[in-house]
Amino acid sequence: MITTKKCIELEDRYGARNYKPLDVVLTRGSGIWVEDVEGKKYMDFLAAYSAVNQGHCHPRLVKTVQEQAARLTLTSRAFRNDQLPLLAKELCELTGYEMMLPMNSGAEAVETAIKAARKWGYSVKGVARDRAEIIACEGNFHGRTVTIVSFSTEEQYKEGYGPLTHGFRIIPYGDAAALKAAINKNTVGFLVEPIQGESGVVVPREGFLREAADVCRQNNVLLIADEIQSGLGRTGTLFAYEHENVKPDIVVIGKALSGGMYPVSAVVSSREVLGVFKPGDHGSTYGGNPLACAVAREALKIILEENLVERSAELGKYLISRLRQIDSPYVDFYRGKGLWIGIVLKPEAGGARKFCEALQEEGILAKETHENVIRIAPPLIISKAEIDQALVIIKKVLTQI
Ligand SMILES: *Cc1c(COP(=O)(O)O)cnc(C)c1O
């Protein structure tokens, strides 16, 4: 049996150091629980950045993977397969959009949305060649490709990767007036996370998305919602944009679309927008493969049939109200929606990392974001009893560290 120490040694020796993970080496998982190589069990309060909303190794997803893997996994889009059309129909019916385009990672789906918006700008809106602009927000996180980091406001994400991609403008998150002021005749899209995940579960001022949607509509600019982390139940609605009753022009979906089984992402939109792609304009060898599509179909069914959206709303309310009762000298405030909560620490708390390490010691895995925020995002299948169990530990760490 390999030890934690040995795994860390090997990974640090042979693996590029582009992450600084907690020193826990996991070997199995079930529901909200994961187990390390020494047999210690933890509650997973990160859920792989909300990719495992359905819980680890959900039996229905394991079965789907096994059956589809034994049947057909990859055809490429040179040929058709019998799972993609069903996923396309089911995802469009679920979201209320006319068309979908399948990719693998979230970043690829964001790239797809950027390409679609630009092409729409040239072919439908009439923007002059190579002049299209997309507006994004301060504190955004949309992935790690060169184009996407080109409009990140996190210096480290782009440092050393130039030359960067042009055609992006940044406005303060939550500022609809700044959005209006940033729009010009070349603006094709406004790319936004309805709640910013990587920035630390930042919930914008109420009404922001609604106003942004109005500004976009009045100016013939596409509202592009990146729901890769906020979507599929995390915030207590199927998509976070529903909290403000808006209908974005493009929605980008990923992470929980496969319940942690396999990278699957998608863009959904109207025929007017996704119709801009002609054969050969865009593609991906693995995008839309039958294994991915079978998994995504089942992952979506689980979210609906196990009422994960409603659970997230109810249990999220319960969890944040119980957290607010903890009298901690370190916590500034709590924010979030559904089972997605940021514990914002005071400057004098000395950073979130040591709290995450203390939580790990006590059997909860959570990850700090932006130095001073502990992100709480358990799988949505979590029970009230498990939340109560976690609250005892969180209270201990937030009061006794
Ligand atoms: C995780 C994430 C991405 C990138 O997804 P990858 O699968 O890591 O490429 C994009 N946008 C948001 C909001 C995310 O949380």
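Residues numbered from 1 in each chain as written. Predicted model: local features only at pLDDT ≥ 70, side-chain atom pairs only at ≥ 80, totals over all residues. Heavy atoms only, no water.

Visitor: Could you give me a rundown of the pattern of salt bridges, with the residues and numbers involved?
Guide: Scanning the model with the defined rule gives 18 salt bridges in all. Here Arg 129 and Asp 130 are joined by a salt bridge, their closest N and O atoms 3.9 Å apart. Take Arg 129 and Asp 130: they sit in the same class, and that class is exposed. A salt bridge links Glu 133 to Arg 169; the nearest nitrogen and oxygen atoms lie 2.5 Å apart. With Glu 133 in strand E5 (residues 133-137) and Arg 169 in strand E6 (residues 168-171), this pair connects stretches of sequence that are 36 residues apart. (Salt bridge = Lys/Arg side-chain N within 4 Å of Asp/Glu carboxyl O. Buried < 20%, exposed > 50% of the residue type's maximum accessible area, 1.4 Å probe, protein only. Helix = DSSP H or I, 4+ residues; strand = E, 2+ residues; numbered from the N terminus.)

Visitor: Pulling in residues and values, what's your account of the domain arrangement of the protein?
Guide: In terms of domains, the protein is made up of domain 1 (4-54 + 307-400) and domain 2 (59-305). Distance from the C-alpha centre of domain 1 to the C-alpha centre of domain 2: 26 Å. Across the boundary between the two partners, domain 1 contributes 28 residues, which contact 30 residues of domain 2. Summing the contributions of domain 1 and of domain 2, the shared interface buries around 2,300 Å²; its carbon and sulfur component is 57%. Among the residues of domain 1 in contact with domain 2, Gln 54, Lys 337 and Trp 340 are the three that bury the most area, contributing 31% of the side total. Put simply, domain 1 and domain 2 have one salt bridge between them. Across the pair Arg 375 and Glu 198 runs a salt bridge, and its minimum N-O distance is 2.8 Å. Per element, the largest residue contribution to the side of domain 1 that touches domain 2 is four residues, and it comes from helix H12 (residues 308-324). (Domains from an automatic or database assignment. Contact = heavy atoms within 4.5 Å. Buried area = accessible area lost by both parts, 1.4 Å probe.)

Visitor: I'd like to hear about the site of the ligand, residue by residue, with values.
Guide: Contacts to the ligand come from Ser 105, Gly 106, Ala 107, Phe 141, His 142, Gly 143, Glu 193, Asp 226, Ile 228, Gln 229 and Lys 255. Take Gly 106: an N or O atom from its main chain is 2.8 Å from an oxygen atom of the ligand. Separating a nitrogen atom of the ligand from a backbone N or O atom of Phe 141 is a distance of 3.4 Å. Burial of the ligand by the protein amounts to 80% of the accessible area it has alone, namely 380 Å². (Near = heavy atom within 4 Å. Polar contact = N/O pair within 3.5 Å; in protein donor to acceptor, adjacent residues only side chain to side chain. Areas by Shrake-Rupley, 256 points an atom, 1.4 Å probe, with all protein chains shown as cover.)

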